[in-house]
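A closer look at the structure
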Amino acid sequence: MHATRLGVAAIAAAAFSLLGTAHARAAEPIALAIDASQAATQNVLFAHETMPVKPGALTLYYPKWIPGEHMPVGPIQNLSGIVITGNGAVIPWRRDPRNMYAFELTVPHGVSSLDIAMTYLGATFGSYSSNRLASANMGTIIWDQTLLYPSTGTIQDTVFKPTLTLPGDDWKFATALTGAKRTGNTVTWDAVTLEHLIDSPLDMGVNYRRWDIWHDGDAHAYLNVFGDTPNDIDVSDKVVAHYGKLVREMIAMYGARHWRNYNFLLTVSDVIPGEGIEHHESSDDGGPADYLTNPKVLDRGADLLSHEFNHSWDGKYRMPVGLYQPNLQMPYDDSLLWVYEGMTQYYGNVMSWRDGLRKPAEYPDHIAAVYAYYDNEPGRKWRPLLDTAVSGPFLYNAPRQYVAERRSVDFYSEGELMWLKVDSIIREKTNNRESLDTFAREFFGGKTTGPIVKTYDRADVIAGLQKVLPYDWAGFFKKWVDEIAIHPPNGFTADGWKLVYTDKPSHWVPKSNVWYSLGINAFHGQVVDVRQGSPAWKAGLGVNTTIVAVDGRKFSDDLLYDAIENAKSSHQPIALLVAHTDAYRTISIDYDGGNRYPHLVRIPGTPDRLMDVIKPYTK
Ligand SMILES: [Zn+2]
């Protein structure tokens, strides 16, 4: 939480240990056994818990607010087959009508342990990690999807002892959990707190490769890749080397780490959807089947692993106090996601250049593309950046239609622009002696520790920046976060660059993009957004519309590009035949401004500090 919104005094950052509590408490752990033997063939998991209890009233919770997803999206609709027994007799339960994630029951006298059976139904829809379970050759185990825990404890002091039965003898696995012992297809791990368990997902599969990409003494970082085919995981040494460099670059910038070993858990598949969810000592990452083998695909998504890895420092070790709760039922205060996600968006991209996956020449136009999008977003006239963070729980899954008027989770990429501006102010005023990296090192680095949580609030961020550069940071965030800002932050100007629009598409903005000319966002002619106030908007175009023809000829992206180009000299309106639901009509767009694509160009005679941002620390 932060002081301005809730009117409370700044709360001192408190440190909590993730790992110490398992040993400190003598409490018997809850045994959680997940049977994934039918996951690859029938997309179900069978879970069994043995839970020590005392007689009397008891409430069991199913995890609702999921760390890293920032939303109340525990996939309760997939939880089925709940049968609770004590001493062999069935114990009835009742769902709390005001909290569908809570199950109430009475433990009879003489019962000291519950047996809880559950079935998790895999689905290919839903939100992030709940839309993926398994393909025929690989799967992910997200522990919070298949467990109940007693309301009497906290996630920090409730201890679980996990066991997993894999689908087959030829299946391998990777996870940050420790102490693995495999007997046949069944694996057990050391007992851990609930907080640590749900922070340690597992990937499993037949086609698996693991690379030891970094080590320092006993500490290692591993790249674990699971594919649907052996070809998909046939990754070149060159690509793997970039990920080794990613780890070195992160350690070089932060000066410390908050993990013992780190495991990138990457699935490459066209069958199960991709995602990226951060954890202290691992990340649950997913890309398309050719993510690591097709250079173009890797270039587009090159910030996936760097983004999630950055969260081990920014998000997991240092966590906004409003996101650190004693259980998974209490709502999050997402209002500092412009730090958690915004600064991670910034460094996730910066690191994808510092680690060499992307070419330096493409960085300025990346910033141009991000800036231009937000500078042409009508929703910024009514919704400040802060409100996109607070509204995160419903904006993540909001419809794509009219996204520019609604705004989306803009705290990511507009956050990236804002942190670029913080960086440029620090670089300018210290003559490039310091940068945002100095703040990152002091705020998120510190001393190397295990996976602990140290919370912070907005005042801590401002104080941390003050130490790097005395400046009105409170006023800065008021302007860019709290208030309506008609234009997004333009840190690149002080860094020696300016935004221009030309008729040349860029590496990041393809020829088919007519957002900056006509004001249409369409995919193969399917209109998903029309910018309010744009030429297309004035001509009456809306969403749920298909562009059928351009000036009397069958629609194609090239044809539309040419029509915009021709209108520059003919000054004639562009005629589009469109189908809106089942009705056809012709609209006439009055526009002769030509094709427009955003680029950054150098301001002559100024120092270039933008390219300094992506300079690597290591060889
Ligand atoms: Zn993130």
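Residues numbered from 1 in each chain as written. Predicted model: local features only at pLDDT ≥ 70, side-chain atom pairs only at ≥ 80, totals over all residues. Heavy atoms only, no water.

1. Some words on the overall build of the protein
Looking only at helices and strands, the protein features 21 helices and 34 strands. Here the C-alpha atoms of the protein give a radius of gyration of 26 Å, agreeing with the 25 Å that 2.2 N^0.38 yields for 619 residues. Taken along the three principal axes of its C-alpha coordinates, the protein extends 90 × 60 × 55 Å. Counting over 619 residues, the protein shows a buried share of 57%. In the protein, the share of contacts with a sequence separation of at least 24, taken over all contacts with a separation of at least 6, comes to 73%. Working note: accessible area of the protein is about 24,100 Å², and carbon and sulfur atoms make up 54% of it. Across the protein, 57 positive and 70 negative side-chain charges occur, with their mean positions spaced 4 Å apart. (Helix = DSSP H or I, 4+ residues; strand = E, 2+ residues; numbered from the N terminus. Rg over C-alpha atoms; globule rule 2.2 N^0.38 Å. Buried < 20%, exposed > 50% of the residue type's maximum accessible area, 1.4 Å probe, protein only. Contact = heavy atoms within 4.5 Å. Areas by Shrake-Rupley, 256 points an atom, 1.4 Å probe, with all protein chains shown as cover. Lys, Arg positive; Asp, Glu negative; His and termini not counted. Charge placed at Lys NZ, Arg CZ, Asp CG, Glu CD.)

2. Looking at the packing of aromatic side chains
Evaluated as defined, the whole model comprises 40 aromatic pairs. With 4.8 Å between their ring centres and 65° between their planes, Y262 and F264 make a pair best called edge-to-face. Note on Y262: relative accessible area 0%, which makes it buried. Between the NZ or CZ atom of R210 and the centre of the ring of Y222, over which it lies, the distance is 3.8 Å. The ring of Y561 has K511 lying over it, and the distance from NZ or CZ to the ring centre is 4.8 Å. (Phe/Tyr/Trp six-rings, centres within 6.5 Å; stacked < 30°, edge-to-face > 60°. Lys NZ or Arg CZ within 6 Å of the ring centre and 35° of its normal.)

3. Details of the domain arrangement of the protein
Domain boundaries assigned for the protein yield domain 1 (20-235 + 259-310), domain 2 (322-502) and domain 3 (520-595). Centre-to-centre separation of domain 2 and domain 3, based on C-alpha positions: 34 Å. Each partner contributes residues to the interface: domain 2 has nine residues there, and domain 3 has 10 residues. With both sides pooled, the region where domain 2 packs onto domain 3 buries about 800 Å², and carbon together with sulfur makes up 54% of that total. Considering only the side of domain 2, the residues that lose the most area to domain 3 are N376, Q401 and Y402, jointly responsible for 58% of the buried surface there. At the boundary of domain 2 with domain 3, the tally comes to five residue pairs in polar contact (both at pLDDT 80 or more). Sorting elements by how many residues they give to the side of domain 2 that touches domain 3 places helix α13 (residues 403-406) first, with three residues. (Domains from an automatic or database assignment. Buried area = accessible area lost by both parts, 1.4 Å probe. Polar contact = N/O pair within 3.5 Å; in protein donor to acceptor, adjacent residues only side chain to side chain.)

4. A closer look at the nonpolar core
Ranked by size, the top nonpolar core spans 103 residues in total, and within it Y243, W419 and F477 carry the most contacts. The residue makeup of this core includes at least three contributed by each of domain 1 (20-235 + 259-310) and domain 2 (322-502). Look past the residues within four positions of W419 in its chain and what remains in contact with it is W338, V339, G342, M343, Y346, L436, V461, L465 and F477. By size, the runner-up hydrophobic cluster in this structure holds 51 residues, among which are A36, I82, I116 and W171. (Core = buried A, V, L, I, M, F, W, Y, C linked by side-chain atoms within 4.5 Å.)

5. Topic: the sheet that holds strand β20 (residues 207-216)
Strand order in this open sheet of five strands is β20-β21-β22-β24-β23, and the pairing throughout is mixed. Two strands bound the open sheet, and with one partner strand each, they are β20 and β23 (275-278). Adjacent strand axes in the sheet meet at a mean angle of 15°, parallel and antiparallel pairs treated alike. The sheet strands contacting helix α5 (residues 237-254) are β20, β21 (219-227) and β22 (262-268), and the helix crosses β20 at an angle near 35°. (Pairing = 2+ DSSP bridges. Axes fitted to C-alpha atoms, helices over the stretch in contact; angles between N-to-C directions.)

6. Notes on the packing of helix α14 (residues 413-429) against helix α17 (residues 473-482)
In a packed pair of helices, the relevant descriptors are the angle between the two axes and the axis-to-axis distance. Put simply, α14 and α17 touch, their axes get as near as 12 Å, and they point 150° apart. In terms of their interaxial angle, α14 and α17 are classed as roughly antiparallel. Crossing geometry of α14 relative to α17 is assigned as right-handed. For the pair α14 and α17, the contacting residues are M418, W419, K421, V422, I425 and I426 in the first and W473, F476, F477, W480 and V481 in the second. Here the residues of the contact of α14 with α17 are counted per class, giving 10 nonpolar, no polar and one charged. (Parallel < 35°, antiparallel > 145°, perpendicular 65-115°, else oblique. Left-handed = near helix turned anticlockwise from the far one by under 90°. Nonpolar A, V, L, I, M, F, W, Y, C, P; charged D, E, K, R; others polar.)

7. Quick look at helix α15 (residues 436-445)
α15 sits mainly inside the fold: eight of its 10 residues count as buried. Three or more residues of α15 are buried, namely L436, D437, T438, F439, A440, F443, F444 and G445. Where α15 begins, one side-chain oxygen reaches toward the backbone nitrogen of D437, 3.1 Å away; that side chain belongs to S435. Downstream of α15 by a residue or two, G446 has a phi angle that is positive, lying close to 70°.

8. Remarks on the sheet that holds strand β19 (residues 202-205)
In spatial order, the strands read β12-β19-β15; together these three strands make up an open sheet with antiparallel pairing. Single-partner strands in this sheet number two, and they are β12 (138-141) and β15 (172-175). Averaged over all pairs of adjacent strands, the angle between strand axes in this sheet comes to 15°, irrespective of strand direction. Note that β15 and β19 share four bridges and pair antiparallel. Across the sheet, A174 pairs through a bridge with D203, a residue of β19.

9. Quick word on the pattern of salt bridges
One pass over the structure, following the stated rule, counts 19 salt bridges. Between R407 and E377 there is a salt bridge; the shortest N-O distance is 2.9 Å. Residue R407 is located in the loop between α13 and α14, and its partner E377 is located in the loop between α10 (363-375) and α11 (385-390); the two are separated by 30 residues in the primary sequence. E377 carries the same exposure label as R407, and that label is buried. Between K511 and D558 there is a salt bridge, and its shortest N-O distance comes to 3.1 Å. With K511 in the loop between β27 (497-502) and β28 (520-523) and D558 in helix α20 (residues 557-570), this pair connects stretches of sequence that are 47 residues apart. On the accessibility criterion, K511 (33% relative accessible area) is partly exposed. Residue D558 is classed as partly exposed on the basis of its relative accessible area, which comes to 44%. (Salt bridge = Lys/Arg side-chain N within 4 Å of Asp/Glu carboxyl O.)

10. Things to note about the environment of A102
Here A102 is to be found in strand β10 (residues 99-107). On a C-alpha basis, the gap between A102 and D314 in space is 31 Å, while along the polypeptide they are 212 residues apart. The residues touching A102, leaving out its near neighbours within four places in the chain, are T59, L60, Y61, R94, R95 and D96.

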